[in-house]
Amino acid sequence: MKKLFSLVMTALAACTMQAQNIQLHYDFGRNIYTGEEAGRSKVTITLEQFKADKWGSWFYFVDVDLSRHFTESAYTEISREFNLGKQSPFAAHVEFDGGLSRTMSFQQAALAGFAYNGHTADFSKTWSVQLLYKQYFKSYDYTHSYASAQLTGVWGLNFLNNKLRFSGFIDFWRGEKANNHGCLVILSEPQLWYNITEHFSVGTEWEFSNNFVYNTDPESTKTFFWNPTVAVKWNF
């Protein structure tokens, strides 16, 4: 999984100025796409934290992919938002994305732009829309730096007296194929959680993507993938 399923407004839904959780996901993608995703990790640990202050908020997450014998990779995104006025729903947004794996580095990227954040009076429904400039950097031999743009939507909905939570994000950005031709990349990771206690939740994440997953089957031209997980989460 790639991403900030919560981000700023999702964490606010818990009516707190600080939130941290750790998740354990078992991924079925490699079982569904035995050729195209032959090397996909089955287990991912995600640590994420949100913290608000008088200037805005911080958010980060780290995804650690595990195999039976190795830590395969660690990917992180860290973002900062600065409120544009005390009562304004608009904020300036800056972000860094990147990480390492056993065999290579993820292509690093820096993002900057603006966010529009909102919520209902009781914070049971939250949303954020971000329009960002995205700059990729040369990270390994067969990559190069290039400019892009990204549109992100984030949501969080609570149901059944906060026992059920539906949250997630969707990203649209300009990527590049191996032949350097541009392409539209779409990534969405909706999550559904059942809160057994204040701290412990069980749930699932469904990753939908197009032009995002690296296809390991040279005979396949497939670009769209659906990767579901089963997961547990501990809220600190």
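Look a little higher up for the structure.
Here's what I pulled together on the structure shown here. (Residues numbered from 1 in each chain as written. Predicted model: local features only at pLDDT ≥ 70, side-chain atom pairs only at ≥ 80, totals over all residues. Heavy atoms only, no water.)

On to the pattern of salt bridges, then. Counted according to the given criterion, the structure contains six salt bridges. The partner of Asp53 in a salt bridge is Arg80, with the nearest N and O atoms 2.8 Å apart. Note that Asp53 is positioned in the loop between strand S2 (43-52) and strand S3 (56-66) and Arg80 in strand S4 (residues 71-83), a separation of 27 residues in sequence. Among the residues examined, Asp53 registers a relative accessible area of 27% and is labelled partly exposed. The partner of Arg174 in a salt bridge is Glu176, with the nearest N and O atoms 3.3 Å apart. Judged by relative accessible area, which is 35%, Arg174 ranks as partly exposed. Via salt bridges that share partners, Asp27, Glu37, Arg40 and Glu207 belong to a single interconnected network. (Salt bridge = Lys/Arg side-chain N within 4 Å of Asp/Glu carboxyl O. Helix = DSSP H or I, 4+ residues; strand = E, 2+ residues; numbered from the N terminus. Buried < 20%, exposed > 50% of the residue type's maximum accessible area, 1.4 Å probe, protein only.)

Turning to the nonpolar core, a few remarks are in order. In terms of nonpolar packing, the biggest core is built from nine residues, these being Ala109, Tyr136, Tyr146, Val154, Phe169, Trp173, Cys183, Val185 and Leu187. For Val185, the contacting residues outside a window of four places in its chain are Asp171, Phe172, Trp173, Gly175, Asn210, Asn211 and Phe212. Counting residues in hydrophobic clusters, the runner-up holds five residues, among them Phe50, Ala52, Phe59 and Tyr75. (Core = buried A, V, L, I, M, F, W, Y, C linked by side-chain atoms within 4.5 Å. Contact = heavy atoms within 4.5 Å.)

This part covers the pairing of strand S8 (residues 146-159). Note: strand S7 (residues 125-136) against S8, 12 bridges, orientation antiparallel. By the bridge assignment for S8, Lys134 is matched with Ser148. The pairing of S8 with strand S9 (residues 164-176) spans 10 bridges and is classified as antiparallel. In the sheet register, Gly153 faces S9, and the bridge partner there is Ile170. Counting the residues that bridge the hairpin from S8 to S9 gives four residues, and of these Leu160 lies at a positive phi of roughly 50 degrees. (Pairing = 2+ DSSP bridges.)

Locating Phe123 in the fold gives a position in the loop between strand S6 (109-119) and S7. Classification of Phe123 by relative accessible area gives partly exposed; the value is 21%. Considered as a pair, Phe123 and Thr46 are 77 residues apart in the sequence and their alpha carbons are 24 Å apart.

Where nonpolar side chains cluster on the molecular surface, the patch consists of Leu84, Phe90, Phe114, Tyr116, Trp127, Val129, Leu131, Leu151, Phe172 and Leu184 and spans about 950 Å² of accessible area. Taken together, the elements giving at least two residues each to the nonpolar patch come down to S6 and S7. Among the elements that line the nonpolar patch, the one with the most residues is S7, at three residues. Relative to the assigned elements, Phe90 resides in strand S5 (residues 90-101). (Patch = residues over 30% accessible without salt bridge, like charges linked within 9 Å, V, L, I, M, F, W, Y side chains within 5 Å. Areas by Shrake-Rupley, 256 points an atom, 1.4 Å probe, with all protein chains shown as cover.)

Pairing of S6 with S7 involves 11 bridges; the strand directions are antiparallel. Of the residues in S7, the one forming a bridge with Phe114 is Leu131. Here S6 hands over to S7 after five residues, with Phe123 in that stretch at a positive phi of 65 degrees.

Attention now goes to the side chain of Gln191. Tracing the chain through its elements places Gln191 in strand S11 (residues 191-195). Given the relative accessible area of 1%, Gln191 is considered buried. At a separation of 2.6 Å, a polar atom in the side chain of Gln191 contacts the side chain of Glu205. (Polar contact = N/O pair within 3.5 Å; in protein donor to acceptor, adjacent residues only side chain to side chain.)

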